[in-house]
Amino acid sequence: MTAALRRRGLDWLLNVYALLALVYLLVPIAVIIVFSFNNPVGRFNFIWQEFSVDAWKHPFAVPGVQDALVTSLKIAALSTLIATALGTLTALALVRYEFKGRAPVNFFIFIPLATPEVVLGAALLSQFLNWGSPALGFATILIAHVMFNLSFVVITVRSRLIGFDRALEEAAQDLGATPWQTFRLVTLPLIMPGVLAAGLLAFALSIDDFVITNFNSGSTITFPLFIWGAARVAIQPQIYVIATMIFLVTVAAMIVTVWQQRRAERMAAVRPDEPELSPA
Amino acid sequence: MTARLRKGALPYLLLLPGLGWLVLFFALPLVYMALESLKSGDPFVSGFKLTWEFSNYTNALKDYDQQFIRSFEYAGMATLIALLIGYPLAYVIAFRGGRWRNAMLLLVIVPFFVTYLIRTLSWETILSDSGVVVNTLQAVGILGHDGRLLDTTVSVVAGITYNFLPFMILPLYASLERIDARMLEAGYDLYDRRRDVFLHVTLPLSMPGVVAGVLLTFIPAAGDFINAQLLGTPKQFMIGNVIQSRYLVVNDYPTAAALSFLLMAFSLIIVIVWARIAGTEALLGTEGERK
């Protein structure tokens, strides 16, 4: 009896602990959303004064923030496109083919992930300084973002490819499809959720990156660089408003991706007598 | 003949663009940085020339030993705290999440949806001198009358822990979730107490997640400079702060490059030691690939 009681007490304790951990993860996010409605006194938005929607009415009123945001979005979109395309091809090669040097290539792709960001940024800057071109700015930021996104894309798409049923492609080939048709009509739609997830991850990493960008930006300002500069001078509630907007858009994109993934999994489970594909 | 040749070349063709990019903008830069770290001179008058100045490394290590030690100390503390917070949470999500599992996982990665720097500024707000947390701790007597949290070791380690916590939880969850329920049932048949089941079945089976989570938290934490910059003072500065200011403020490229290599070397040593313990497959995520 007491043992059962103690067991239930422990269960309860563990659940409360987990709940507190979740709260710990979410409190800073809540603070940002709440403080986007603050009307702060002075230059920093650290102390709650009064409720106000002023910052939401004019989110881009802070000089320079709009340009920084546009630059960030452009770089994120371009680097996502390039990294997702190149990374997907790399993942296909790694999972679908046996070739000499596959193990070292797997390891090589993993190394950037195990390298501190500050080292990635500093090394790339050394190279650009030695080359003397391209001039530090948009192009060098883009190059850097594709570089650090590639490994993430390869790993995400690869995990999706590993659970892939080759029989579906063989069926297409049996039905007379050319290799290109097979890829376009069968393979690509099936790995699409993985590619989409990788793209979303790349976009989020790119728009969030400060460290590597800081080394290779020259005088170009992205949104995180703008905040870094502002953090020493003045932090307006507008910055919290924009952060909240990015947050909401990301959540929406995430929900759409999850929904897409579910749909694709249902589509993949076409054969009724086979168990449903379990997510890898 | 040509068809066979083309088939053999196809994987290399697929690899070429992505791998080429990484060779050109990840591997080659390391070579340039290696050369940079062996130069001497000054940034303004003579510029830097390659003189194979290996003493740059010993000097860098001598001058910034404190920051190195502090980096690994802070990263170690943050990793340990993240493990203590993350393991029970991952456990609850994996075994008791039920239909809330995906929703809870989404909540774990929600912090990533807000810009890193803004998350850190949020901690600056939470821990600020007249904030709720400091006031409460002062009232209870844990903090002195004019005690602060901001600009201390506590705030920097708290910031690092928070910012990298999802990197700890996700691999933990992945390995816990993969545990075969039959293994647990067998465990309950064997052992009387749940503690023994946990220690002899669950924990060992979740070790790949622990190893991956520790690595994914520790490596970026050791190289971080944002938390020390925004939540600390020069007294809390880590090796990342030194590299950043040597490179971008003082333009002392050789020292900064040497420091970067030392940081990378220490990090790689840790990865390799961990890989030995854990087995590379769990680490690289290549399990299940065609052999």
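Being a predicted model, the structure only gives us computed values, none of them experimental.

Rules used in this analysis
- Residues numbered from 1 in each chain as written.
- Chains lettered and ligands numbered in written order.
- Predicted model: local features only at pLDDT ≥ 70, side-chain atom pairs only at ≥ 80, totals over all residues.
- Helix = DSSP H or I, 4+ residues; strand = E, 2+ residues; numbered from the N terminus.
- Buried ≥ 20, exposed ≤ 12 C-beta atoms within 10 Å, placed from the backbone.
- Contact = placed C-beta atoms within 7 Å.
- Nonpolar A, V, L, I, M, F, W, Y, C, P; charged D, E, K, R; others polar.
- Axes fitted to C-alpha atoms, helices over the stretch in contact; angles between N-to-C directions.
- Parallel < 35°, antiparallel > 145°, perpendicular 65-115°, else oblique.
- Left-handed = near helix turned anticlockwise from the far one by under 90°.
- pLDDT = per-residue confidence, 0-100.

1. Details of the overall build of chain B
Then, number 1: The helix and strand tally for chain B stands at 14 helices and two strands.
Then, number 2: In chain B, which comprises 291 residues, the share counted as buried stands at 43%.
Then, number 3: Of all intrachain contacts in chain B linking residues separated by at least 6 positions in sequence, the fraction that spans at least 24 positions is 69%.

2. A look at the interface of chain A and chain B
Accessible area lost when the parts come together is the quantity often used to give the size of an interface.
Then, number 1: Between chain A and chain B, the residue contacts involve 68 residues of the former and 72 residues of the latter.
Then, number 2: Only helix H1 (2-35), helix H3 (65-96), helix H4 (102-114), helix H5 (117-131), helix H6 (138-162), helix H8 (179-208), helix H10 (223-233) and helix H11 (237-268) of chain A provide two or more residues apiece to the side of chain A that touches chain B.
Then, number 3: If you tally residues by element for the side of chain A that touches chain B, the top one is H1(A), at 14 residues.
Then, number 4: Tallied by class, the residues present in the side of chain A that touches chain B amount to 55 nonpolar, 10 polar and three charged.

3. A short note on the packing of H5(A) against helix H12 (residues 239-248) of chain B
Then, number 1: As a packed pair, H5(A) and H12(B) sit with axes 10 Å apart at the nearest point and diverge in direction by 20°. What the angle tells us is that H5(A) and H12(B) run roughly parallel. Crossing handedness for the pair H5(A) and H12(B): left-handed. Listed contacts from H12(B) to A:Val118, A:Ala122 and A:Leu125 of H5(A) are B:Gly240, B:Ile243, B:Gln244 and B:Tyr247.

4. Description of the confidence of the model for chain B
All names here are of chain B.
Then, number 1: Scored by pLDDT, chain B has a mean of 87; 93% of the residues are at 70 or more.
Then, number 2: The lowest-confidence element of chain B is helix H14 (residues 280-284), averaging 55 in pLDDT; the highest-confidence one is helix H3 (residues 65-96), averaging 95.
Then, number 3: Segment residues 1-5 is flagged for pLDDT under 50; beyond a separation of four residues in sequence, or across chains, it makes zero contacts in the model.

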